[in-house]
Amino acid sequence: MRGIDTRCLRRVNFFFFTQRTAYEIYQCDWSSDVCSSDLHLQGHLQLMGDPFDFDAKPDAYAVMGNPIAHSKSPQIHAAFARQTGQRIEYTAIQVDPGGFEQAVGNFFANGGKGLNVTVPFKQEAWRLVHEHGPEAERAGAVNTLLQDSPGHLIGRNTDGIGLVRDILQNHRGGIDDQRILLLGAGRPAPAVLQPLPA
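All values reported here derive from a predicted model rather than from experimental measurement.

Engineer: Is there a simple way to explain helix α3 (residues 100-109) in this structure?
Structural biologist: An α-helical turn contains 3.6 residues, so any two residues separated by three or four positions project in the same direction. Taken residue by residue, α3 has Phe100, Ala103, Val104, Phe107 and Phe108 as its buried positions. Each buried residue of α3 sits inside an arc of 125 degrees when the element is viewed along its axis, so together they form one side. Looking at α3, the residues exposed on the side facing more than 90 degrees away from the buried face are Glu101, Gln102 and Ala109. Gly111 lies just past α3 and shows a positive phi near 95 degrees.

As structure tokens, then:
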């Protein structure tokens with residue numbers, strides 16, 4: 001490769017896609033640990049839109065919880081990014097009890113773009129944000145955090161819409177005129193029930 005320092009190419013993966021919004025990436029966290037898609041990517045992955053853009057950092061996203069080692073969110077979001085042309089780094093962060101607020105603050109202070117939140121922090125996330133989406137307000141729990149201006153956090157809950165989209169789009173199932181049994185009555189339950197037809 002004459003004229004190119006091949007040392008710069010180590011551990012870099014190049015992918016080329018069409019562009020979509022970043023919101024489409026992090027709105028689907030409900031299926032983080034049950035998705036059956038092709039998830040051959042391990043850990044976090046940096047996706048580059050320009051193969052010679054070595055200076056700019058990828059957008060940082062993460063999922064926070066405890067425990068978190070079992071989460072497939074990094075692999076799933078890397079797959080979403082591949083499909084939608086996003087250049088991201090998505091990591092799983094284990095947060096100690098009592099450390100959630102500080103962890104969130106540190107993440108956004110260091111340039112983080114968005115967070116997914118899983119057990120046991122969804123209620124604490126709800127209390128932490130300054131603005132709730134209507135579905136999060138009704139559920140009393142937040143699983144998606146973004147910062148639209150310094151110090152101002154917006155909380156959304158994608159548990160319900162994620163479930164519905166997974167059933168309808170990924171599994172080609174139906175929910176109209178169906179009897180539905182929901183096992184469990186934890187905090188995700190109200191969010192999951194909201195988008196289901198009455």
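On we go.
Engineer: It is not clear to me how the sheet that holds strand β3 (residues 114-117) should be interpreted in this structure. Could you clarify?
Structural biologist: Strand pairing in a sheet relies on backbone hydrogen bonds, with the paired strands running either antiparallel or parallel. On the basis of which strands lie adjacent, the open sheet formed by 6 strands has the order β2-β1-β3-β5-β6-β4 and mixed pairing. At either margin of the open sheet sits one strand with a lone partner, and together these are β2 (88-94) and β4 (131-132). In the sheet, strand β5 (residues 144-149) pairs with strand β6 (residues 152-156) via 5 bridges, with the strands oriented antiparallel. Residue Gln147 lies in a different strand from β6, and its bridge partner there is Leu153. Sitting on the sheet, helix α2 (residues 73-84) touches β1 (59-65), β2 and β3, and the angle it makes with β2 is about 165 degrees. With respect to the sheet, α3 is in contact with β1, β2, β3, β5 and β6, its orientation differing from that of β1 by roughly 175 degrees.

Engineer: Would you take a moment to explain the side chain of Asn116 for this structure?
Structural biologist: Turning to its location among the elements, Asn116 is positioned in strand β3. The class of Asn116 is buried, set by a relative accessible area of 1%. At a separation of 2.5 Å, a polar atom in the side chain of Asn116 contacts the side chain of Tyr90.

Engineer: What am I meant to see in the pattern of salt bridges here?
Structural biologist: Oppositely charged side chains may form a pair once their charged atoms are brought near each other. This model, assessed by the stated rule, comprises 2 salt bridges. Put simply, Lys122 and Asp159 hold a salt bridge, and the shortest N to O gap is 3.1 Å. Of this pair, Lys122 sits in helix α4 (residues 122-128) while Asp159 sits in helix α6 (residues 159-170), placing them 37 residues apart in sequence. Assessed through its relative accessible area of 3%, Asp159 is described here as buried.

Engineer: Got a minute to help me understand the nonpolar core in this structure?
Structural biologist: Among soluble globular proteins, nonpolar side chains are generally buried collectively. Counting residues in each nonpolar core, the largest one holds 18 residues, and the members touching the most others are Met64, Phe100, Val104, Phe108, Leu115 and Leu145. Only β1, α3, β3 and α4 provide two or more residues apiece to this core. The greatest single-element share of this core, amounting to 5 residues, is contributed by α3. Counting residues in each nonpolar core, the second largest holds 6 residues, with Val63, Ile68, Ala81 and Ile88 among its members.

Engineer: What is the right way to look at the pairing of β6 in this model?
Structural biologist: On any regular strand, side chains alternate: one points to one face of the sheet, the next to the other face. Pairing between β4 and β6: 2 bridges, direction parallel. Looking at β6, one finds that His132 is bridged to Gly155. Where β5 hands over to β6, the hairpin turn is made up of 2 residues, of which Gly151 adopts a positive phi near 80 degrees.

Engineer: Sorry if this is basic, but what is going on with the side chain of Asn157 here?
Structural biologist: By the secondary structure assignment, Asn157 is in the loop between β6 and α6. The class of Asn157 is buried, set by a relative accessible area of 4%. A distance of 2.9 Å separates a polar atom in the side chain of Asn157 from the backbone oxygen of Ala141. Polar side-chain contacts of Asn157 include one of 2.9 Å to the backbone nitrogen of Asp159. Beyond its immediate chain neighbours, meaning those up to four positions away, Asn157 contacts Glu135, Ala136, Ala139, Ala141, Val142, Asn143 and Ala191.

Rules used in this analysis
Residues numbered from 1 in each chain as written. Predicted model: local features only at pLDDT ≥ 70, side-chain atom pairs only at ≥ 80, totals over all residues. Heavy atoms only, no water. Buried < 20%, exposed > 50% of the residue type's maximum accessible area, 1.4 Å probe, protein only. Helix = DSSP H or I, 4+ residues; strand = E, 2+ residues; numbered from the N terminus. Arc of directions from axis to C-beta. Pairing = 2+ DSSP bridges. Contact = heavy atoms within 4.5 Å. Axes fitted to C-alpha atoms, helices over the stretch in contact; angles between N-to-C directions. Polar contact = N/O pair within 3.5 Å; in protein donor to acceptor, adjacent residues only side chain to side chain. Salt bridge = Lys/Arg side-chain N within 4 Å of Asp/Glu carboxyl O. Core = buried A, V, L, I, M, F, W, Y, C linked by side-chain atoms within 4.5 Å.

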